[in-house]
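Here's the letter readout for the chains.
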Amino acid sequence: MREDAGSALTAAARRSLAGTSDPRLRFVMDRLIAHLHAFIRETELTEAEWLRAIQFLTATGQISDDRRQEFILLSDVLGASMLVDEINHPAGGLVTASTVLGPFYRPGARDLPLGASISQDARGEPAVFSGRVLAPGGTPIPGALLDVWETNENGLYEQQDPDQPDMNLRGRFRTDAAGRYTFTGIKPVSYAIPDDGPVGTLLRALGRHPYRPAHIHFIVSAQGYRPLTTHLFVKGDPYLASDAVFATRDALVVDFIRHDTPTEAAAHGVTAPFYTVTYDFVLQPLDTAPAPGGGTAPQSARIKEAQP
Ligand SMILES: [Fe+2]
């Protein structure tokens, strides 16, 4: 195919954005059209392939509802979610690394007192999570909100599993005056992302496995700080190096320390064996947070790309 095939069409599609009043929308749509056309040109996409892609995206939407979000899953397995995360929350520095939200978050978890359990059905191996929420200088943040969620011992989130109570293994906790939190959950297990829909079909076609390393999710927020969406991963998990959604970060892999003594377990209100995990979350103050995509385009891209 000629290098310039369709280039007049691409230029016309880009010129059609001239009346877009929002500069950021104009920039993003311009880049989308340019890259989409370049992709079609480079792959010499057939009409059958384009139709297959549209059918795939249609099925991805049709299987989604308020309990299943196949588009987030698709974004996750393509590495797009993690790329957006890395651009908006660069690794390094003093603040805790972030990672993807994933498709299983549900707002409205119960507000629980410190020390309470998020498990409503006492399945799995108990794990006691504790630590502090801090500013980058080490100052504790009282009243910080931790919104946590994890799967049960069968690898299923409650909305995937009719045998679990509604909102099981979800909870919201606020740090005390010293910025401390503690709650009981279960030791996370590795699990397969839902592979009975379009995304599963795609993974099989690509020869990929659907597993994620064991983890628990957190959104940590406090007034004056940038909300942190992250996971803690279980050290030693076999899928840490091949996470189906590319979301593992070394700094988020933690030791789950096993305890077998009944007296220790009783002191924590659990049964042996159980695990303890300690982790301090460090939030980024709002006044120092970068603002990726701040309105239009990166300066270099604006100069180079904005003219059709
Ligand atoms: Fe998850």
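Here the structure is a predicted model, which means the values were calculated and not measured.

A. Layout of the domain arrangement of the protein chain. Each assigned domain of the protein chain is listed here: domain 1 (7-81) and domain 2 (91-286). Inter-centroid distance (C-alpha atoms) of domain 1 to domain 2 is 33 Å. The partner domain 2 presents 13 residues to the 14 residues of domain 1 that form the contact. Secondary-structure elements contributing two or more residues to the side of domain 1 that touches domain 2 are helix 3 (47-62) and helix 4 (70-77). At six residues, the largest contribution of residues to the side of domain 1 that touches domain 2 is made by helix 4. Grouping the constituent residues of the side of domain 1 that touches domain 2 by class yields seven nonpolar, four polar and three charged.

B. Focus on the nonpolar core. A127, V133, L146, V220 and L283 are the most contacted members of the largest nonpolar core, which has 40 residues in total. Put simply, the parts of the chain that give this core at least two residues each are strand 1 (126-134), strand 2 (145-149), strand 4 (180-186), strand 7 (215-221), strand 9 (228-234), strand 12 (274-278) and strand 13 (281-282). Per element, the largest residue contribution to this core is five residues, and it comes from strand 1. Look past the residues within four positions of L146 in its chain and what remains in contact with it is R172, F173, Y181, F218 and V220. Counting 11 residues, the second largest nonpolar core, distinct from the first, contains L73, V77, I193 and V245.

C. Focus on unusual backbone geometry. At the junction of A272 and P273, the peptide bond is cis and its omega measures out at -5 degrees in the coordinates. Among the structural elements, P273 can be located in the loop between helix 7 (262-267) and strand 12. Unlike most non-glycine residues, E44 shows phi in positive territory, near 45 degrees. With 9 C-beta atoms counted inside 10 Å, the residue E44 sits in the exposed group.

D. Here's a closer look at the packing of helix 1 (residues 7-15) against helix 2 (residues 23-43). Where helix 1 contacts helix 2, the two axes come as close as 9 Å, and the packing angle between them is 165 degrees. Of the possible angle classes, the one that applies to helix 1 and helix 2 is roughly antiparallel. The chirality of how helix 1 crosses helix 2 is right-handed. Note on element contacts: helix 2 touches helix 1 through D30, I33, A34 and H37, opposite T10, A13 and R14. Of the residues belonging to the contact of helix 1 with helix 2, the class tally is three nonpolar, two polar and two charged.

E. Seen up close, the packing of helix 4 against helix 6 (residues 198-205). It is the contact of helix 4 with helix 6, at a shortest axis distance of 9 Å, that shows an interaxial angle of 25 degrees. By the angle between their directions, the pair helix 4 and helix 6 is classed as roughly parallel. Of the residues in helix 6, those in contact with E70, L73, L74 and V77 of helix 4 are P198, V199 and L203. Its residues assigned to classes, the contact of helix 4 with helix 6 comprises six nonpolar, no polar and one charged.

Cut-offs applied
- Residues numbered from 1 in each chain as written.
- Predicted model: local features only at pLDDT ≥ 70, side-chain atom pairs only at ≥ 80, totals over all residues.
- Domains from an automatic or database assignment.
- Contact = placed C-beta atoms within 7 Å.
- Helix = DSSP H or I, 4+ residues; strand = E, 2+ residues; numbered from the N terminus.
- Nonpolar A, V, L, I, M, F, W, Y, C, P; charged D, E, K, R; others polar.
- Core = buried A, V, L, I, M, F, W, Y, C linked by C-beta atoms within 7 Å.
- Buried ≥ 20, exposed ≤ 12 C-beta atoms within 10 Å, placed from the backbone.
- Axes fitted to C-alpha atoms, helices over the stretch in contact; angles between N-to-C directions.
- Parallel < 35°, antiparallel > 145°, perpendicular 65-115°, else oblique.
- Left-handed = near helix turned anticlockwise from the far one by under 90°.

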